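Tertiary structure, described
Each chain is listed here by its residues.
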Amino acid sequence: MENILVLTHADETGSALSKASLEAVTAGKELAARLSAPLTIGIVATDAAAAASTLASTGARILAVSGEAFAQSRYASDAAAAEALCHAANATIVLAPGASRFTRVAAGVAHRLGGFIDTHITTLGGTDTIEATRWFYRQRVEAVISRSVRPWFLLLDAGTHAAYAGESQPIQIEQVAVTLPALRTTVSGFRAPAQGQQTIRPDAKMLFVAGAGWTKKQPDGQIHVAEAGELILGFLRATGASLGSSKSLVDQGGEGEPVLPFLTHMNQIGQTGSTPRHAKGLSTCCHGEEPHVVGWRFIGDRRAISLDPNCGWTRGKADVVYIADAFPVMAKLNALLEAKKA
Ligand SMILES: Cc1cc2nc3c(=O)[nH]c(=O)nc-3n(C[C@H](O)[C@H](O)[C@H](O)COP(=O)(O)OP(=O)(O)OC[C@H]3O[C@@H](n4cnc5c(N)ncnc54)[C@H](O)[C@@H]3O)c2cc1C
């Protein structure tokens, strides 16, 4: 019989679980029900009672590691907390959100416990066994993995499960004591772009992709980079979409060509970029070449605006392609969005 442990941690408010943690709770609940196995949820937080309040209806045993030392992400304290929770739960299967906090420590904890880890898991299938699915070779090949080694750690990709949403109710929590090693790292705080400047929004419904065409000479023989920047930012403001880019566009800075100052390599989508998950995607001024489009593997509805009727998008890679000049199309779209808001 498997003992399933879901590792979770608080979000930046400290009083609720992170969205990725709640997604892992859903995965744990489904797996425990299918295998008729006991489910334990382990929480790492300053105030675990507040963070756990929505978990009562899971029916799971709740273990927690609490205290100031666990307020923020730090390898030594997070690894010690996860290790203690695994021991307390006697876990054979450990599910954890594949977000930065646990991704950093999970492999080390698996090693300490003599276990094995697989990352980027998207689904957990199988009937009596566990078959974990993940993509390889930049989302081109899907593999199904099963292992006999225990404990088996599985880091779940964000966006692959619905976030668990339970009523807030009183809940019984078992506190787990942790002996912390000497802490050499002091977390002095976070430095992050101001909210309005942050263009990468993994939880957004839509992905908006800018391609190199935005900075190319247009039919009037001129480049219009400032206008391009205003149109793109205007659309992001109006829709809350996440901003992606083609490689060609983000590479231009290094080549001394005109650039959009709010784009970095972090925005790049594709084989050498990221593969985000959004319900919809709109690509603009981008050719739709395969190394770019492979990053769209998990975008639901794909649309593109390109001047080129022969571009990669038109060859079956997008659901809808508008053969049009993106400048007037986006200007009109932004005006319609503004009018709708007003
Ligand atoms: C090993 C390897 C890895 C790679 N990894 C990636 C990756 O991760 N991500 C990635 O993106 N690329 C990647 N590439 C590069 C990729 O093959 C393409 O070169 C790149 O995606 C092209 O970017 P683009 O479509 O923005 O630019 P371009 O190919 O220059 O296309 C610009 C498009 O904009 C259109 N356009 C111009 N003006 C307008 C307008 N006013 N309205 C509408 N359309 C307009 C043009 O018709 C053209 O189709 C990789 C390549 C290799 C070899």
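Please refer to the structure placed before this passage.
Quick caveat, the model's predicted, so the values are computed rather than measured.

Broken down by element type, the protein carries eight helices and 14 strands. Here the C-alpha coordinates of the protein stretch approximately 70 × 45 × 40 Å along the principal axes. Put simply, the protein has 342 residues, and 46% of those count as buried. Excluding contacts between residues fewer than 6 apart, the proportion of contacts in the protein whose partners are at least 24 apart in sequence is 67%. For the protein, the computed accessible surface area is about 16700 Å², with 53% contributed by carbon and sulfur atoms. Averaged over its 31 positive side-chain charges, the protein has a centre that lies 1 Å from the centre of its 30 negative ones.

A separate point is the packing of helix α5 (residues 225-239) against helix α8 (residues 326-341). One can describe the packing of α5 onto α8 by two numbers: an axis separation of 10 Å at closest approach and a directional angle of 35 degrees. The two elements α5 and α8 meet at a crossing, and its hand is left-handed. Contacts from E227, A228, L231, G234, F235, R237, A238 and T239 of α5 reach α8 at F327, M330, A331, L333, N334, L337 and K341. Here the contact of α5 with α8 is built from residues that sort into nine nonpolar, three polar and three charged.

Summed over the entire model, instances satisfying the criterion amount to 11 salt bridges. Between R147 and D118 there is a salt bridge, and its shortest N-O distance comes to 2.6 Å. Residue R147 is located in the loop between β7 (141-145) and β8 (152-156), and its partner D118 is located in strand β5 (residues 116-125); the two are separated by 29 residues in the primary sequence. Residue classification places R147 among the partly exposed positions, given a relative accessible area of 28%.

The subject of this paragraph is the side chain of T215. Along the polypeptide, T215 turns up in the loop between β10 (206-210) and α5. Judged by its relative accessible area of 6%, T215 is buried. Side-chain polar atoms of T215 contact the side chain of Q252, separated by 2.8 Å. Apart from residues no more than four positions distant in its own chain, T215 is found in contact with I223, V225, L249, Q252, P258 and L260.

The next subject is the site of the ligand. Around the ligand, the structure places 28 residues, and the nearest of them are A212, S246, T272, H287 and E289. At a separation of 3.1 Å, an oxygen atom of the ligand approaches a polar side-chain atom of S248. At a separation of 3.1 Å, a nitrogen atom of the ligand approaches a polar backbone atom of L307. In this structure the site holding the ligand corresponds to the second largest pocket. Elements that contribute at least two residues to the shell around the ligand include exactly α6 (247-251), α7 (290-293), β13 (299-306) and α8. Here the residues of the shell around the ligand are counted per class, giving 10 nonpolar, 13 polar and five charged.

Calculation rules
Residues numbered from 1 in each chain as written. Predicted model: local features only at pLDDT ≥ 70, side-chain atom pairs only at ≥ 80, totals over all residues. Heavy atoms only, no water. Helix = DSSP H or I, 4+ residues; strand = E, 2+ residues; numbered from the N terminus. Buried < 20%, exposed > 50% of the residue type's maximum accessible area, 1.4 Å probe, protein only. Contact = heavy atoms within 4.5 Å. Areas by Shrake-Rupley, 256 points an atom, 1.4 Å probe, with all protein chains shown as cover. Lys, Arg positive; Asp, Glu negative; His and termini not counted. Charge placed at Lys NZ, Arg CZ, Asp CG, Glu CD. Axes fitted to C-alpha atoms, helices over the stretch in contact; angles between N-to-C directions. Left-handed = near helix turned anticlockwise from the far one by under 90°. Nonpolar A, V, L, I, M, F, W, Y, C, P; charged D, E, K, R; others polar. Salt bridge = Lys/Arg side-chain N within 4 Å of Asp/Glu carboxyl O. Polar contact = N/O pair within 3.5 Å; in protein donor to acceptor, adjacent residues only side chain to side chain. Near = heavy atom within 4 Å. 1 Å grid on protein atoms, 1.4 Å probe; cavity = no way out; pocket = protein on both sides within 12 Å on 5 of 7 lines; lining within 4 Å. Sits in = over half its atoms within 2 Å of the grid points.

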